[in-house]
Amino acid sequence: MMMEDFEKVLFTPEQIAEKVRAMGEQIASDYEGREILMVGILKGASVFMTDLARSIHLPVAFDFMIVSSYGAGTDSSGQVTIRKDMDTDIRGRHVIICEDIIDSGITMKRLLEILRERQPASLALCALLSKPSRRVAEVAIDYCGWEVPDEFIVGYGLDYAERYRNIPAIGVLKRSVYS
C-alpha cells in the first residue's frame with residue numbers, strides 16, 4: 001500500500017470530508033443567490049474541488065488551469081508558468097480559485113494578479129491546506145481548511161512524482177521516499 005510511505009497521517013478521510021463539507025456550506029452562504037465559477041488548479045486541486053463543489057448547493061460552473069512554479073523537485077522555482085489557461089471569460093463572474101495547498105505563495109500571488117486584470121465581479125481563493133511557515137509571497141486565503149507544518153504532504157490530490165494523489169487521507173511522506 002502507498003500509505004506505508006507515510007511517516008504519519010495528518011487528516012483522515014472522515015476529517016477531510018467534514019472540513020470540505022463545512023467549507024462548502026460557508027461558500028454557499030457567502031454566495032447565496034449568485035452563480036459561482038470554480039477554477040481548479042490542476043492537477044492537485046481536482047479531488048478537493050470536485051468534493052467541494054458537491055457540497056455547495058448553488059449553481060457552480062467549472063474551469064481549470066495548470067499553473068506552476070515547481071519543476072520536478074519539492075521547492076518552488078520562483079518562475080510562474082501558465083501551462084493551460086481556462087476556457088471561460090471571467091469578466092463579471094464570481095470566481096473562486098481552488099487550490100490544494102498554498103506553500104510559498106509565489107504561484108498564487110502571480111495568478112491572482114493575472115486574473116484580477118480579467119475583471120471578475122469577485123475573486124476569492126479557496127485552499128484546503130496552507131503552509132504559512134514557507135510563505136515567501138503573501139496571499140489572502142478566503143477559505144482555508146487547515147494550516148499545516150513545513151513537511152512534505154501527500155494524499156487527497158497532493159502528489160510526489162505523480163504518486164499518492166488517490167489516497168483518501170493526507171499524510172506526511174517519509175523523507176526516505178523523496179531524498
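Residues numbered from 1 in each chain as written. Predicted model: local features only at pLDDT ≥ 70, side-chain atom pairs only at ≥ 80, totals over all residues. Heavy atoms only, no water.

> Summarise the state of the cysteines; cite the residues concerned and give the values.
Enumeration according to the criterion identifies zero disulfides in this entry. Unpaired in this structure, Cys126 has its nearest cysteine sulfur neighbour in Cys98, at a distance of 4.8 Å. (Disulfide = S-S within 2.5 Å.)

> Explain the sheet that holds strand β9 (residues 170-173) to me, and be specific about the residues and the numbers.
In space, the three strands of this open sheet follow the order β1-β9-β8, with antiparallel pairing throughout. The sheet is open, and its two borders are formed by β1 (6-11) and β8 (153-154), each paired with just one other strand. Judged from the four bridges that link them, β1 and β9 form a sheet pairing that is antiparallel. By the bridge assignment for β9, Lys8 is matched with Val172. (Pairing = 2+ DSSP bridges. Helix = DSSP H or I, 4+ residues; strand = E, 2+ residues; numbered from the N terminus.)

> Go over the packing of aromatic side chains, please, and point to the residues and values.
On inspection of all chains with the given rule, the structure shows five aromatic pairs. Aromatic side chains Phe11 and Trp146 sit 3.8 Å apart centroid to centroid with 15° between the ring planes, which places their arrangement in the stacked category. In this pair, Phe11 sits in strand β1 while Trp146 sits in strand β7 (residues 143-147), placing the two residues 135 residues apart along the sequence. Judged by relative accessible area, which is 17%, Trp146 ranks as buried. (Phe/Tyr/Trp six-rings, centres within 6.5 Å; stacked < 30°, edge-to-face > 60°. Buried < 20%, exposed > 50% of the residue type's maximum accessible area, 1.4 Å probe, protein only.)

> Before we move on, can you summarise the environment of Lys109 with the specific residues and values?
Locating Lys109 in the fold gives a position in helix α3 (residues 106-116). A C-alpha to C-alpha distance of 24 Å links Lys109 and Arg165, two positions 56 residues apart in sequence. Discounting residues that sit within four places of it in the chain, Lys109 has contacts with Ala137, Glu138 and Val139. (Contact = heavy atoms within 4.5 Å.)

> Requested: an account of α3, with residues and values cited.
Of all the residues in α3, the buried ones are Thr107, Met108, Leu111, Leu112, Ile114 and Leu115. Down the axis of α3, the buried set is contained in an arc of 160°. They therefore lie on one face. (Arc of directions from axis to C-beta.)

> Tell me about the packing of helix α1 (residues 13-30) against helix α2 (residues 46-54), and please be specific about residues and values.
Running from N to C, α1 and α2 point in directions that differ by 55°, and their axes come no closer than 8 Å. By the angle class used here, α1 and α2 are oblique. The two elements α1 and α2 meet at a crossing, and its hand is right-handed. Contacts from Val20, Met23, Gly24 and Ile27 of α1 reach α2 at Phe48, Asp51 and Leu52. Residue classes in the contact of α1 with α2 are distributed as five nonpolar, one polar and one charged. (Axes fitted to C-alpha atoms, helices over the stretch in contact; angles between N-to-C directions. Parallel < 35°, antiparallel > 145°, perpendicular 65-115°, else oblique. Left-handed = near helix turned anticlockwise from the far one by under 90°. Nonpolar A, V, L, I, M, F, W, Y, C, P; charged D, E, K, R; others polar.)

> Tell me about the pattern of salt bridges, and please be specific about residues and values.
Within the structure shown, the criterion is met by 15 salt bridges. Of the charged contacts in the structure, one is a salt bridge between Asp87 and Lys84, with a shortest N-O distance of 3.8 Å. Of the residues examined, Asp87 reaches a relative accessible area of 70% and is grouped as exposed. Among the residues examined, Lys84 registers a relative accessible area of 27% and is labelled partly exposed. (Salt bridge = Lys/Arg side-chain N within 4 Å of Asp/Glu carboxyl O.)

> Pulling in residues and values, what's your account of the side chain of Arg165?
One can find Arg165 in the loop between β8 and β9. Judged by relative accessible area, which is 18%, Arg165 ranks as buried. There is a polar contact of 3.2 Å between the side chain of Arg165 and the side chain of Glu162. Those residues in contact with Arg165, other than ones at most four positions away along the chain, are Lys43, Gly44, Val47, Gly155, Tyr156, Gly157, Leu158 and Asp159. (Polar contact = N/O pair within 3.5 Å; in protein donor to acceptor, adjacent residues only side chain to side chain.)

Just distances and angles here, no functional claims.
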